[in-house]
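# Summary of structural features
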Amino acid sequence: MSISDDVALTRQGAWARRHSLSFDGGGVRGYSSLLILQKLIAKIKDIEVKHSESATSSYHPELYNKPFNSSRNSGNGNIVSSHQAREDTHRYLPCHYFDFIAGTSTGGLIAIMLARLRMPVDDAIEVFEDLSKEVFSGSRAPVWLPWIYTYNHRKLERVVKKIVDKRIPTIDPNWSKREKEFFTELTGICNCIVVANGKTKQAHTPYIFRSYISPQTTGDRKRTAGYIRNPGVRDHYPIWQVARATSAAPGYLREMHIEGRDFIDGAIGFNNPTEELYDEVEYLYGAKANSLILSIGTGLHEPRSFGGPIGVVADAL
């Protein structure tokens, strides 16, 4: 059940306040969201080093002695000088500054990278570039043919599995390889929320994939600002399945089938998951727990006409 405001604040003091990060869906425009976050992390790095020159990473006061995962690093895993640290945002992980990271569609993919896989934003940018080239570039099937999907869902599956395989050796060595491949988060360092839609014959029902346990075991729970979706146990599914579920945009990628249920892109009705995130934190920790929510969007499309022959309509889509 929900923790009351007073109890939450008394038990945890300043740590009762939750900082959250939210990413909209937006296809390849999600790249701009990562660039915005990169600028923010650079500012955070400057503040950290200004406060203490020994804060050469977000692991401070512990030493950061794990090898980098990016092609832009030295790769030796050793502590670098304070001067080098000022020039390197790679050592400052978003998962150390935000308690929750949520996303929808490509924003969901970003949330998985930053929260569940604990990537530095620099790594996430490189991965996003590679993913876009491998999955969303090249020739596309006609979007107006309902029996053909624009992009190959198997490519996305392969890419996400490859990302997970590459990243998991850098995560907690006490975990087994199998556990690391699942969306379930065992440490609670940063909670991950990914929004999708459960597909039925009657309607599309919002579904939240969680890397943590939500107290209530069955049903949606009404809150002042909205509903708590499908609360209960952690979603113990492979990471690639969750990634596929949130990004399965109708007509573009085939829906994802998980345990007897089909899922499609969460962007249909929930392209901005901030309200769901706000309700979730309030439900878990009380009405005063939401200290900060940073919502990073992907911009707005210019309005385009749908008039004219089918080819013009297809171009607008």
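So, here's what we can say about the structure. None of these values were measured; they are calculated from a predicted model. Going along each chain's sequence as written, the residues are numbered from 1 onward. For a predicted model such as this one, the threshold for reporting local features is a pLDDT of at least 70, and the threshold for listing and counting side-chain atom pairs is 80 or more; totals across whole chains, interfaces and linings nevertheless cover every residue. Excluding hydrogens and water, the side-chain values take into account all heavy atoms of the structure.

## Thoughts on the overall build of the protein
How we decide: Helical segments are the DSSP runs of H or I of at least four residues, strand segments are the runs of E of at least two, and each set is numbered from the N terminus. Each residue's exposure class comes from its accessible area (1.4 Å probe, protein chains only) as a fraction of the maximum for that residue type: buried when under 20%, exposed when over 50%, partly exposed otherwise. By the convention used here, residues are in contact when the closest approach between their heavy atoms is within 4.5 Å. Throughout, the Shrake-Rupley method with a 1.4 Å probe supplies accessible areas, and for residues the shown protein chains are the sole cover considered.
For the protein, the helix and strand inventory stands at 11 helices and 9 strands. Every one of the 317 residues in the protein was classed for burial, and the buried ones make up 50%. Nonlocal contacts in the protein, meaning residues at least 24 apart in sequence, comprise 68% of its contacts between residues at least 6 apart. Counting every atom, the protein has about 15,700 Å² of accessible surface; 54% of that belongs to carbon and sulfur.

## Some details on the pairing of strand S8 (residues 261–265)
Defined as follows: Whether two strands pair depends on DSSP finding at least two bridges between them.
Where strand S3 (residues 191–199) meets S8, 4 bridges bridge the pair, whose relative direction is antiparallel. Counted as the bridge partner of lysine 199 is aspartate 262 from S8. In this sheet, S8 lies alongside strand S7 (residues 256–258) in antiparallel orientation, the contact comprising 3 bridges. Counterpart to methionine 256 in the pairing with S8 is phenylalanine 263.

## Considerations on the packing of aromatic side chains
Here is the rule we go by: When the centres of two rings from Phe, Tyr and Trp lie within 6.5 Å, Trp using its six-membered ring, the rings pair. Their planes under 30 degrees apart give stacked, over 60 give edge-to-face, and anything left gives tilted. Only Lys NZ and Arg CZ are tested; either one counts as a charge over a ring when it is within 6 Å of the ring centre and within 35 degrees of the ring normal.
This structure, assessed with the given rule, holds 7 aromatic pairs. For the pair phenylalanine 100 and tyrosine 212, a centre-to-centre distance of 5.6 Å together with 90 degrees between the ring planes defines the contact as edge-to-face. Separated by 112 residues along the polypeptide, phenylalanine 100 in strand S2 (residues 100–104) and tyrosine 212 in the loop between strand S4 (204–210) and strand S5 (221–222) bring together distant segments of the chain. The two residues phenylalanine 100 and tyrosine 212 agree in class, both being buried. Members of the aromatic cluster, each reached through a chain of ring pairs, are Tyr207, Phe209, Tyr237 and Phe263. The aromatic ring of tryptophan 240 is capped on one face by lysine 161, whose charged end is 4.4 Å from the ring centroid.

## Description of unusual backbone geometry
Although it is not a glycine, arginine 118 adopts a positive phi angle of roughly 55 degrees. Inspection of the secondary structure puts arginine 118 in the loop between helix H4 (106–116) and helix H5 (121–135). Positioned with a positive phi, glutamate 259 is a non-glycine residue whose angle comes to about 50 degrees. Here glutamate 259 shows up in the loop between S7 and S8. Accessibility expressed as a relative area gives 67% for glutamate 259, which makes it exposed.

## A word on the packing of H4 against H5
Filter applied, for reference: To get an axis, fit a line to the C-alpha atoms, keeping to the stretch in contact for a helix; angles then go from 0 to 180 degrees between the N-to-C directions. An angle counts as roughly parallel when it lies under 35 degrees, as roughly antiparallel when it exceeds 145, as roughly perpendicular when it falls between 65 and 115, and as oblique in every other case. Crossing handedness is read from the near helix: turned anticlockwise from the far helix by less than a right angle, it gives a left-handed crossing, and turned clockwise, a right-handed one. Just so you know the grouping, Ala, Val, Leu, Ile, Met, Phe, Trp, Tyr, Cys and Pro go in nonpolar, Asp, Glu, Lys and Arg go in charged, and all remaining residues, Gly too, go in polar.
Contact geometry for H4 and H5: axes closest at 10 Å, N-to-C directions at 140 degrees. Here H5 runs oblique to H4, going by the angle between their axes. Relative to H5, the crossing made by H4 is right-handed. Mapping the contact onto sequence places Thr106, Leu109, Ile110, Met113 and Leu114 in H4 and Val121, Ala124, Val127, Phe128 and Leu131 in H5. Considering only residue class, the contact of H4 with H5 consists of 9 nonpolar, 1 polar and no charged.

## A few points about the nonpolar core
The cut-off we apply is this: To form a nonpolar core, buried Ala, Val, Leu, Ile, Met, Phe, Trp, Tyr and Cys residues must be joined to one another through side-chain atoms within 4.5 Å.
Membership of the largest hydrophobic core comes to 56 residues, with the highest contact counts inside it found for Ile101, Ile112 and Phe209. Sequence-distant contacts of phenylalanine 209, that is, excluding residues within four places in its chain, are made with Phe183, Cys192, Ile193, Val194, Ala196, Asp235, Tyr237, Val242, Ala245, Ile258 and Phe263. Core analysis: the second largest hydrophobic core is formed by 12 residues, Tyr212, Phe270, Tyr285 and Ala289 among them.

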